[in-house]
Amino acid sequence: MPDDMRIAVGSDHAAEAAKDEMVEYLKSRGYDVVDVTVVVDGRADYPIAGHKVARMVHSGEFPRGLLMCGTGLGMSYVANRYKGVRGALCLDRDYARLAREHNDSNILIMPGRATIYAPHREILETWLDTPFSGVDRHARRVRQIEDPEAE
Ligand code: RB5
């Protein structure tokens, strides 16, 4: 299993069903999925899974992550606290494509509950299959996320 086929996944209760569908989709594509979600009595505080997945990506243990909560906003706040983590809340294929091409996003975040513009699966597919463009200006801007003085 190549390293880039490993993905850490987590959700809260509000996105659990949608997340389960994405786990099945990822497995059908041959991804090695580790799902950290723990829902107890129908509840799961989103920061718990958010921190776990963000740490797995921050540490380099996993190259990619997928986080889902009701709106995706709570997961965004948590994931982007970690150095090297670029969590992208994506609502359609264009967001997913640009999050990869321009920002080299390493965690995809989607809303389980909110009205979205594209099916989750389409967003995930685009995000997985779009490479980082690697062009100089985008690479510099990604470095500047961590360090505004970066060249
Ligand atoms: C849970 O009710 C909800 O707050 C959560 O899923 C998420 O939308 C938070 O940002």
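Scroll up to find the structure.
In this text the structure is predicted, and so the values were computed from the model without any measurement. (Residues numbered from 1 in each chain as written. Predicted model: local features only at pLDDT ≥ 70, side-chain atom pairs only at ≥ 80, totals over all residues. Heavy atoms only, no water.)

Another point: the site of the ligand. The environment of the ligand is made up of Asp 12, His 13, Ala 14, Tyr 46, Cys 69, Gly 70, Thr 71, Gly 74 and Arg 113. One of the backbone nitrogen or oxygen atoms of Gly 70 is found 2.7 Å away from an oxygen atom of the ligand. A distance of 3.4 Å separates an oxygen atom of the ligand from a polar side-chain atom of Arg 113. Starting from 300 Å² of accessible surface for the ligand in isolation, the protein chains cover 72%. (Near = heavy atom within 4 Å. Polar contact = N/O pair within 3.5 Å; in protein donor to acceptor, adjacent residues only side chain to side chain. Areas by Shrake-Rupley, 256 points an atom, 1.4 Å probe, with all protein chains shown as cover.)

Relative to the assigned elements, Lys 19 resides in helix H1 (residues 16–28). Apart from residues no more than four positions distant in its own chain, Lys 19 is found in contact with Val 9, Ser 11, Asp 35, Thr 37 and Met 68. (Helix = DSSP H or I, 4+ residues; strand = E, 2+ residues; numbered from the N terminus. Contact = heavy atoms within 4.5 Å.)

On to the environment of Glu 61. Within the fold, Glu 61 resides in the loop between helix H2 (46–58) and strand S3 (64–69). When the C-alpha atoms of Glu 61 and Arg 113 are compared, they prove to be 29 Å apart, with 52 residues separating the residues in sequence. With sequence-adjacent residues up to four places away left out, Glu 61 is seen in contact with Arg 6 and Met 56.

Moving on to the nonpolar core. With 24 residues, the main nonpolar core has Ile 7, Leu 26, Leu 66, Leu 108, Met 110, Leu 124 and Trp 127 as its most contacted residues. Taken together, the elements giving at least two residues each to this core come down to strand S1 (6–11), H1, S3, helix H4 (93–101), strand S5 (107–111) and helix H5 (120–129). Top element by residues in this core is H1. It accounts for 5 residues. The residues touching Leu 26, leaving out its near neighbours within four places in the chain, are Ile 7, Val 9, Tyr 31, Val 33, Leu 66, Leu 124 and Leu 128. Ranked by size, the runner-up nonpolar core spans 16 residues in total, among them Val 57, Cys 69, Tyr 82 and Ile 109. (Core = buried A, V, L, I, M, F, W, Y, C linked by side-chain atoms within 4.5 Å. Buried < 20%, exposed > 50% of the residue type's maximum accessible area, 1.4 Å probe, protein only.)

Two numbers describe how H1 lies on H5: the axes approach to 10 Å, and their chain directions differ by 45°. On the basis of their axis angle, the class for H1 and H5 is oblique. At the point where H1 passes H5, the crossing takes the right-handed sense. Taken together, the residues of H5 that come into contact with H1 (itself represented by Ala 18, Met 22, Tyr 25 and Leu 26) are His 120, Arg 121, Leu 124, Glu 125 and Leu 128. Residue composition of the contact of H1 with H5, grouped by class: 6 nonpolar, 1 polar and 2 charged. (Axes fitted to C-alpha atoms, helices over the stretch in contact; angles between N-to-C directions. Parallel < 35°, antiparallel > 145°, perpendicular 65-115°, else oblique. Left-handed = near helix turned anticlockwise from the far one by under 90°. Nonpolar A, V, L, I, M, F, W, Y, C, P; charged D, E, K, R; others polar.)

In this structure the tally under the stated criterion is 0 aromatic pairs. The aromatic ring of Phe 62 is capped on one face by Arg 6, whose charged end is 4.1 Å from the ring centroid. Its guanidinium or amino end placed over the ring of Trp 127, Arg 64 lies 4.8 Å from that ring's centre, counting from NZ or CZ. (Phe/Tyr/Trp six-rings, centres within 6.5 Å; stacked < 30°, edge-to-face > 60°. Lys NZ or Arg CZ within 6 Å of the ring centre and 35° of its normal.)

Inspection of the secondary structure puts Trp 127 in helix H5. Using a relative accessible area of 0% as the deciding quantity, one classes Trp 127 as buried. For the pair Trp 127 and Ala 88, spaced 39 residues apart in sequence, the C-alpha to C-alpha distance is 9.7 Å. Those residues within four positions of Trp 127 in sequence are excluded, and the remaining contacts are Ile 7, Arg 64, Gly 65, Ala 96, Ala 99, Arg 100, Ser 105, Asn 106, Ile 107 and Leu 108. A polar contact is formed between the side chain of Trp 127 and the side chain of Ser 105, at a distance of 3.0 Å.

The next point concerns the state of the cysteines. By the definition in use, this model includes 0 disulfides. The thiol of Cys 69 is unpaired, and the distance to the nearest cysteine sulfur, on Cys 90, comes to 13 Å. Take Cys 69: its relative accessible area is 2%, and that puts it in the buried class. Of the residues examined, Cys 90 reaches a relative accessible area of 1% and is grouped as buried. (Disulfide = S-S within 2.5 Å.)

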